[in-house]
Amino acid sequence: MLEFNLAEYLTRFQIANKDEFPPVDSPSSDLNAVTDRLAVSPEQINDQETFDTLVDLCHGFVHLQVKLQSQLTYLVSSSLSNVANDINANISNTSDYNELADLVPQWKSLLEAYGYLTHALLFFLQEDVHRVAAAASSSSSSSNLGRNRKSATNDGTSSSHNVELFKRSCSQIESLCETTLAVLALNLSTLFQTTPEKDLFVGLFTRPLYSLIEVEASIKLTTLKLVVQRVLAVAVKSHGQASNARSAIMSNLTYFLHLSNFNAELLALLYREYNYPQLTEDVLKEISSRDFNSKDTTGPRSISIFLIKLSDLSPLIMLRQMSLLLSLLNNSSMTLRSAIVEACGNIIVKLSSDSASSLSHKQQIMVLIELLEERFQDSNPYVRTKAIQGCIKLIDLNVKLGEKRSSITNLAVRSLGDRSSLVRRNTIKLLSKLLLRHPFSGINGTQLKLSHWEKCLEKVEEETSKYPISEDAVERLELAPEREDQDMDNAELSRLESQAEAIQSTNPDAVLKLKLLVVYHKDAVAFIKSMHKAVSVISSLLLSKNRNEVLEAMDFLVLTEAFDLEPSRSAIKKMLHLVWIKGTNDEGTSIATHLVECYQQLFFTAPENYTQKQRAFHIAMNVIEMTIGASVADLTSLEKLLGMMYEKRLINAPVIEVLWEIYSSAGKRAESNGKERYAKEQIHGSINILGMLALANHEIVANGMDNLLRVGLGDEGTTDLVLCRYSCIALQRLAPKKGNPISPIVATYSEEEAVKKIYSKIIAYTTSLKFYPMCEQALNALFMISSQPDAVASNIIKEKTMMTFGKPDSSDDSIIPQEMTRVCSLTQLLFIVGQVAIRILVYLEKCEAQFRKKKIGKETARGKHKESATEKSNGDLANASNVEEKDNELAMIGGTNEDDFSDAIQFVKENELLYQKNSLLGKFCPIVEEIVSNSTRFNDVMLQRVASLCLEKLMCISSKYCEKSLPLLITVMEKSEDPIIRSNAVLALGDMAVCFNNLVDENTDYLYRRLHDDNLMVQRTCLMTVTFLILAGQVKVKGQLGEMAKCLENSDQNISDMCRLFFSELATKDNAIYNGFIDIFSNLSADKQLGKESFKKIIKFLLSFIDKDRHQKQLSEKLIGRLGKCSTQKQWDDIAFVLSNLSFTNERISAILEEGFKMVSVQE
């Protein structure tokens, strides 16, 4: 008979050194002998020798061969399974209690014996798993344990052995767990008389498993994880192991992060399949009462993951304990607060997705929604984000929310102003969901055009006002729960509307339904207005530094356009400027690329049932629409975007054909009604778009040359100067990107016709102000396509001069007063002279650039020839000489030396264009100077503007003339009453600073004064000009940065933002702000007109760029030296403010500040 005491054996096993267990001398024969005995009957284990042999084999498990280990595990597992099955069969088939009582001791002995052996095997197997995991973590290959991959370590054989050992051990543990389930299925309370005995027996199986799951790789094996969870669940449900399980779970949540999801799944299994929620509730209660150390990060994080997973698996249990868990919202740990908020969202989503649960827990769901709304104002952005994400999941379910939908919308709009970009990004996602799932599609369709809905509301209100409503109906209307009118089905709303149309005043229920329609429309209007606010804010987020936020904003604006929200069109136009932003987001998505995708979706996607021609016309009209009402900046950005779209072949040949067709229709009348087929704006847009596309492919304009000459430069261009201007711009795009800038770009006959038509447009007299932009582009086109632009320009000036100063014809005199004609004509003449001067200058620079390019090409060819001279035949030398003889006419102008040619060009600009005896441009210099210097006599506004502009352009040609006329220009810039003249003078002075740096550098103070001009336009122009000059290194920064700094507090937000951007860029250039800070400070402190608060804001902003300790220390020393020289309280306060805002500080500074303050106080 077996003498076995489980407690004694288990105690000895636990305290023993497992490494000292001796190996069995002949394990194979002993295992075979034991197997033969147990094969007869598992009860043979009662034989002491058999049991001792099994104990020795199990204790020496680590010394056994792999094959013997598997055999031993199978033997113990199958024998225990057979014993459990026999006991279960006997208990089920025997009704005699006395007979069962006699068998209980024997069954108990068998179970304890096999249980002990199973415990020993589980212990050694889980030890193998721990050992392999430790080895894997040391070699950074823990991720390979559960996968059939070879480790990346140097010792490939050892790694492969570890993987095999891990898999084998887990497989054996799994088989033992299956047997354990059969054992735990027994009614152990009948076999073990006392609870300690039963707990001791059940612990034989559970304790090793609790140790096993501490290895993260073990629970990644799905089958092993599931069987372990079932063993633990049965132990808790059937055998009173809840207390032990709770302790183990809380311990695991404290120390093992990977067990958070495992424990949540275990508790969900207990509730779902074993109907045992008590353990879950006990764990949640203990969590809610736990105090967390502020330095502990693992515990809160692990519990957070656990709560989130549990809320997803068992929302009802979490809901019952939510009143206790809400106390964690007062915890300082952001992680715990985020978990509770996310858990609330999961519970709401799970319960709302089930109609039965949604009805039975409606009130509780509303309470949790209110909690989410409250957490929109949490102090931590991650918690706020979780609240928003919870609302996103809820809205995505498309469930009835009533008034909560409106409150969530208002909170979302408010959250767009959050400081955190993470919160703003998720808020945009929430608003997108609210827009996509809006409940107002039942009557007026899905579109949300405010004007349409307001008209519908007025109509319904007018209809309702005709009929009285009873008090009973009013009460029912007020008691209507949850404002369900917002979430009625479409069919129900249509039915209400049809009934309202046939309403009878005697039917109070019908009147009530009409009242509900009024509420429905009011809610719709309120929702649309909230979305308008959102569009306004989100359009400003397009300039965010966070790339992901910009992408979310772009997608939202595209969505609003689909729902026809009125502000979306202006926001889409603002989005156009993102085409210049470089860089990508975290996922590698380029903003410019995404912009192309957005515009493709908005404007380049036609209905599927359209033919190719209809699709081309649809796209062409959409693109033209983008140009209508667009600013110069919009058109520039659109030009860049269309170039990218053309490269991606989103604009094909049929679209271009439609654009040419629209352009060619100018002046043609439709046969049906005699009106023009297309509006002027559409015709202007078509040629504008064609000119933009020609930058990507110059052949687009070349193929339509005849249309340009016939329409834009023909009779239509004479009456429509805007059309002529855009046609001239398109004509300039004839030149290929890599072509010769001074070679002819059109055929001779086309050139003659084009030059003739341009000539006639320039000299034509008109009083329209649109002449000037047209004339500018016409001259640009002339210098682009003409082979002799200087000669043609000279003829234009001469003829226009004769038209202006010659004796007018009697016919002209009878129609237009002589003086008015000459003032307007003179204005146009001076404009032409100034523009020709600039184009001549550009033309000379192109000649110089082309000469250098040819020189470099010849030198490269000569170098290649010398390298290959020894290997090639004499025939090649002849070819090289032929190449050398070509294209040398430019070199003959100033010799073959590059410097000689440049000097010749410079001589022409300095001495010939304005100072040569027969210089045509030079003859206009006295006229321009006279007009500009006598504004009282020549008091025509346009004449003064054009004369000033002409003077500025002439000054850019020659440094001598610039030096001579600079005092006049500065006087005009200072004293002119016309802000446009002052702005042009500022721009001109900036250009001259680039051309003639030495001349302008001494007069930059006059330029900085315009930063505080009375006119905002002049201020903006000056700020942009000075920003360019400083950042490009064209002017030396002296003490003028103080004047720039004052613009930080400008009343105009655009100027303030531009100035901030300037200092941000300046801070990247060699400590520029640190070097100039003392001068800036002195300027600001001495300015009595600068407010105290403005001074502080400017100083704080500038100090944010001085972040090096060395610079702060040196700056503080300089300022401390000034403290003793302060003569007024304000001076001391200003220096003290700077010192107090420096992060660098020491006791000396603190002491000096304290003494200085006392000294000043005594002085006062």
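Residues numbered from 1 in each chain as written. Predicted model: local features only at pLDDT ≥ 70, side-chain atom pairs only at ≥ 80, totals over all residues. Heavy atoms only, no water.

### Remarks on the overall build of the chain
A tally of regular secondary structure across the chain gives 58 helices and 0 strands. Out of the 1164 residues in the chain, the part that is buried amounts to 49%. Carbon and sulfur atoms form 49% of the exposed surface of the chain, whose accessible area is close to 56,600 Å². (Helix = DSSP H or I, 4+ residues; strand = E, 2+ residues; numbered from the N terminus. Buried < 20%, exposed > 50% of the residue type's maximum accessible area, 1.4 Å probe, protein only. Areas by Shrake-Rupley, 256 points an atom, 1.4 Å probe, with all protein chains shown as cover.)

### Overview of unusual backbone geometry
Here the phi dihedral of Asn 275 falls at roughly 50 degrees; this positive angle occurs in a residue that is not glycine. According to the relative accessible area criterion, Asn 275 is exposed, its value standing at 56%. Of note, the phi angle at Arg 649 is positive, near 60 degrees, even though the residue is not glycine. Along the chain, the position of Arg 649 falls in the loop between α30 (632-647) and α31 (653-664).

### Focus on the packing of aromatic side chains
Tallying each qualifying case throughout the model produces 22 aromatic pairs. An angle of 65 degrees between the planes, with centres 5.6 Å apart, marks the rings of Phe 440 and Tyr 520 as edge-to-face. Of this pair, Phe 440 sits in the loop between α21 (421-436) and α22 (450-464) while Tyr 520 sits in helix α25 (residues 508-540), and the two are 80 residues apart along the sequence. Take Phe 440 and Tyr 520: they sit in the same class, and that class is buried. Both rings, one in Phe 440 and one in Phe 527, keep their centres 5.7 Å apart while their planes meet at 45 degrees; by these two values the pair is tilted. (Phe/Tyr/Trp six-rings, centres within 6.5 Å; stacked < 30°, edge-to-face > 60°.)

### Brief notes about the side chain of Arg 384
Within the secondary structure, Arg 384 sits in helix α19 (residues 381-396). For Arg 384, the side chain forms a polar contact with the main-chain oxygen of Asp 378, separated by 2.7 Å. Once you skip the residues sitting within four places of it in the chain, Arg 384 turns out to touch Arg 375, Phe 376, Gln 377, Asp 378, Ser 379, Asp 418, Ser 420 and Val 423. (Polar contact = N/O pair within 3.5 Å; in protein donor to acceptor, adjacent residues only side chain to side chain. Contact = heavy atoms within 4.5 Å.)

### Some thoughts on the packing of helix α11 (residues 259-274) against helix α13 (residues 298-313)
α13 packs onto α11 with a crossing angle of 35 degrees between their chain directions and a minimal axis gap of 8 Å. Crossing of α11 over α13 shows right-handed handedness. Packed against α11, whose contacting residues are Ser 260, Asn 261, Asn 263, Ala 264, Glu 265, Leu 267 and Ala 268, the element α13 presents Ser 302, Ile 305, Phe 306, Lys 309, Leu 310 and Leu 313 at the interface. Partitioned by chemical class, the residues of the contact of α11 with α13 number 7 nonpolar, 4 polar and 2 charged. (Axes fitted to C-alpha atoms, helices over the stretch in contact; angles between N-to-C directions. Left-handed = near helix turned anticlockwise from the far one by under 90°. Nonpolar A, V, L, I, M, F, W, Y, C, P; charged D, E, K, R; others polar.)

### Considering the packing of helix α48 (residues 979-995) against helix α51 (residues 1016-1031)
Describing two packed helices takes the angle between their axes plus the distance from one axis to the other. Direction vectors running N to C along α48 and α51 enclose 5 degrees, while the axes themselves pass 9 Å from each other. Put simply, α48 runs roughly parallel to α51. Contacts between α48 and α51 involve Pro 979, Ile 980, Arg 982, Ser 983, Val 986, Leu 987, Gly 990, Ala 993 and Val 994 from the former and Met 1017, Val 1018, Thr 1021, Cys 1022, Thr 1025, Phe 1028 and Leu 1029 from the latter. (Parallel < 35°, antiparallel > 145°, perpendicular 65-115°, else oblique.)

### A look at the environment of Thr 589
Residue position: Thr 589 is located in the loop between α27 (568-575) and α28 (591-603). On a C-alpha basis, the gap between Thr 589 and Asn 548 in space is 8.9 Å, while along the polypeptide they are 41 residues apart.

### Focus on the nonpolar core
Judged by nonpolar contacts, the single largest core of 350 residues is most densely connected at Met 575 and Phe 1063. When residues of this core are assigned to their parent elements, the largest contribution, 17 residues, is made by helix α5 (residues 97-138). (Core = buried A, V, L, I, M, F, W, Y, C linked by side-chain atoms within 4.5 Å.)

### What about the environment of Met 644?
Relative to the helices and strands, Met 644 is located in helix α30. Put simply, Met 644 and Val 596 are 48 residues apart on the chain and 7.6 Å apart in space, counted from C-alpha to C-alpha. Once residues lying within four places of it in the same chain are set aside, the contact partners of Met 644 are Val 579, Ala 592 and Val 596.

### Digging into the pattern of salt bridges
All chains considered together, the criterion is met by 33 salt bridges. The salt bridge partner of Arg 945 is Asp 978, with a shortest N-O separation of 2.6 Å. Highlighted residues: Arg 945 in helix α46 (residues 941-955) and Asp 978 in the loop between α47 (959-975) and α48, separated in sequence by 33 residues. Relative accessible area serves as the criterion here: at 13%, Asp 978 is assigned to the buried category. One network of salt bridges, in which partners are shared, links Glu 974, Arg 982, Arg 1009, Arg 1010 and Asp 1013. (Salt bridge = Lys/Arg side-chain N within 4 Å of Asp/Glu carboxyl O.)

### Considerations on the confidence of the model for the chain
Across the chain, pLDDT averages 82, with 85% of residues at or above 70. Mean pLDDT in the chain bottoms out at helix α40 (residues 810-815), which sits at 42, and peaks at α21, which reaches 93. Ignoring residues within four places in sequence, the model shows residues 473-489, a span with pLDDT below 50, making 37 contacts including any to other chains. (pLDDT = per-residue confidence, 0-100.)

### A look at helix α26 (residues 547-562)
Over its 16 residues, α26 runs 23 Å from end to end, which matches the ideal 22 Å to within 8%, given 1.5 Å per residue. The buried fraction of α26 amounts to 12 of the 16 residues, a majority that puts the element mostly inside the structure. All of the buried residues in α26 are Asn 548, Glu 549, Val 550, Leu 551, Ala 553, Met 554, Phe 556, Leu 557, Val 558, Leu 559, Thr 560 and Glu 561. One side-chain oxygen of the residue at the start of α26 lies 3.0 Å from the amide nitrogen of Asn 548, identifying that residue as Asn 546. (Expected span 1.5 Å × (residues − 1).)

### Points about the layout of surface pockets
Counted as a void, the largest pocket has a volume near 1,100 Å³. Forming the boundary of the largest pocket are 19 residues, of which Leu 543, Ser 544, Lys 545, Asp 1057 and Leu 1061 lie nearest the centre. Here the lining of the largest pocket takes 7 residues from helix α53 (residues 1053-1066), the largest share from any one element. (1 Å grid on protein atoms, 1.4 Å probe; cavity = no way out; pocket = protein on both sides within 12 Å on 5 of 7 lines; lining within 4 Å. Points joined across faces, edges and corners; volume = space filled by probe spheres on them.)

### Notes on helix α1 (residues 6-15)
Residues of α1 that are buried: Leu 6, Tyr 9, Leu 10 and Phe 13. Axial view of α1: buried residues confined to an arc of 95 degrees, hence all on one face. Where α1 begins, the capping side chain belongs to Asn 5, and its oxygen is found 3.1 Å from the backbone nitrogen of Ala 7. (Arc of directions from axis to C-beta.)

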